[in-house]
Amino acid sequence: MIERTGNIEAILSQSPPLPESPSLGPSLPPPDLDHPIKTFYCSHCGYPLRVKLSCGDRTCYVCRRKWYGYHFGAIKRYVSTWPKTYCLTLTLINIPDEQMTGWRIKRLRQAFSKLRYRFKPVIQDGFYIIQATNSGAGWHLHAHVLYRGGYLSKAAVSKAWCEITKGSYIVDIKLVERYQKALQYLLSDFRGKPRIREQDFDLYNRLFHGCRLVQGFGEYAKIKLRVPFRCPVCGDCSWTLLEVLLGEKVRFRSEFYGEPPP
């Protein structure tokens, strides 16, 4: 057994070698500098795992597909146990380009919190994401919500939402029988690039900088959405980065969690 703080020679000596590139044949594609590959080693048996890291760009198609996969696996553990799952969509009136700021997203979160408390305990707890789109007619800001609880009429939600937001009234609510459909609804924004113009990419990153991709509320407000990857050899979930074993200070995004999207 290899301790996490053990020497690097012990881990490398017990881990199977990584496959080498063939000396002949077609040339390999150029390395992806935005998504570097790091090698992690199982802290128990030394099994090597090559992981493509995220670049941190919220508009990156490669990263968004990966976020979709591991959030699907992480949230499934909770949603699959709910007796009933409801999908709720809350929208704001279109926002002109020059008026779109991070305050608008904060305002949407606060409005949703007020709505939850107004209909408590019918809306018990769950998860939501903030989605922003812009096709040239201004920013369309809305929230996709999965919640556990009871049914609310669309008219009642629309009336309350209009009062809270001072004018926004377009909402939708429905009961979803299969939790897979509910998760696809919640995470639909991550299945491709955001639906915005290319000129808005920088603003989009600034708007969501430091924000959670998926936010829990109620019982799930403080949980960490992670599904640890188990070592295929020994089943352990503890992984160590090679640079850490060598004593280097490394900052990285370890996102080899979850499962591939359905």
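For the structure itself, consult the block above.
For every chain, the first residue of the written sequence is number 1, and numbering continues from 1 onward in sequence order. The predicted origin of the model limits local features to residues at a pLDDT of at least 70 and limits the giving and counting of side-chain atom pairs to 80 or more, whereas totals for whole chains, interfaces and linings rest on all residues. Remark: hydrogens and water are excluded; side-chain values derive from all non-hydrogen atoms of the structure.

Caption draft 1: Structural context of the nonpolar core. Buried Ala, Val, Leu, Ile, Met, Phe, Trp, Tyr and Cys residues that are joined via side-chain atoms within 4.5 Å together make up what is termed a nonpolar core. Throughout, exposure labels follow a simple rule: accessible area from a 1.4 Å probe, protein chains only, divided by the maximum for the residue type, with under 20% read as buried, over 50% as exposed, and the rest as partly exposed. Leu-115, Trp-139, Leu-141 and Tyr-147 are the most contacted members of the largest nonpolar core, which has 34 residues in total. Only DSSP runs of H or I with at least four residues qualify as helices, and only runs of E with at least two residues qualify as strands; both kinds are numbered from the N terminus onward. Where this core is concerned, the elements lending two or more residues are β3 (85-91), α3 (102-118), β4 (123-133), β5 (140-149), α4 (154-165), β6 (171-176) and α6 (201-207). Looking at this core element by element, the count peaks at 5 residues for α3.

Caption draft 2: Representation of the packing of helix α2 (residues 61-79) against helix α5 (residues 179-186) in the model. Throughout, an axis means a line fitted to C-alpha atoms (over the contacting stretch in the case of helices), and angles, computed between N-to-C directions, take values from 0 to 180 degrees. One way to put it is that α2 packs onto α5 with a least axis distance of 10 Å and a crossing angle of 135°. When the interaxial angle is binned, α2 and α5 end up oblique. Relative to α5, the crossing made by α2 is right-handed. For the pair formed by α2 and α5, the contact residues are Tyr-68, Phe-72, Ile-75, Lys-76 and Val-79 on the first element and Tyr-179, Gln-180, Leu-183, Gln-184 and Leu-186 on the second. Orientation is classified from the angle alone, with under 35 degrees giving roughly parallel, over 145 giving roughly antiparallel, 65 to 115 giving roughly perpendicular, and any other angle giving oblique. When the near helix sits turned anticlockwise from the far one by under a right angle, the crossing is termed left-handed; a clockwise turn instead gives a right-handed crossing. Contacts: residue pairs with any heavy atoms within 4.5 Å of one another.

Caption draft 3: Region of the structure containing the sheet that holds β4. The strand order across the open sheet built from 5 strands is β6-β3-β5-β4-β7, with neighbouring strands paired in antiparallel fashion. Each edge of the sheet is formed by a strand with only one pairing partner; in this case those strands are β6 and β7 (215-217). Mean inter-strand twist for the sheet, computed between neighbouring axes without regard to direction, equals 20°. Alignment of β4 against β7, held across 3 bridges, turns out to be antiparallel. Looking at β7, one finds that Phe-127 is bridged to Gly-216. Two strands form a pair only when DSSP identifies at least two bridges running between them.

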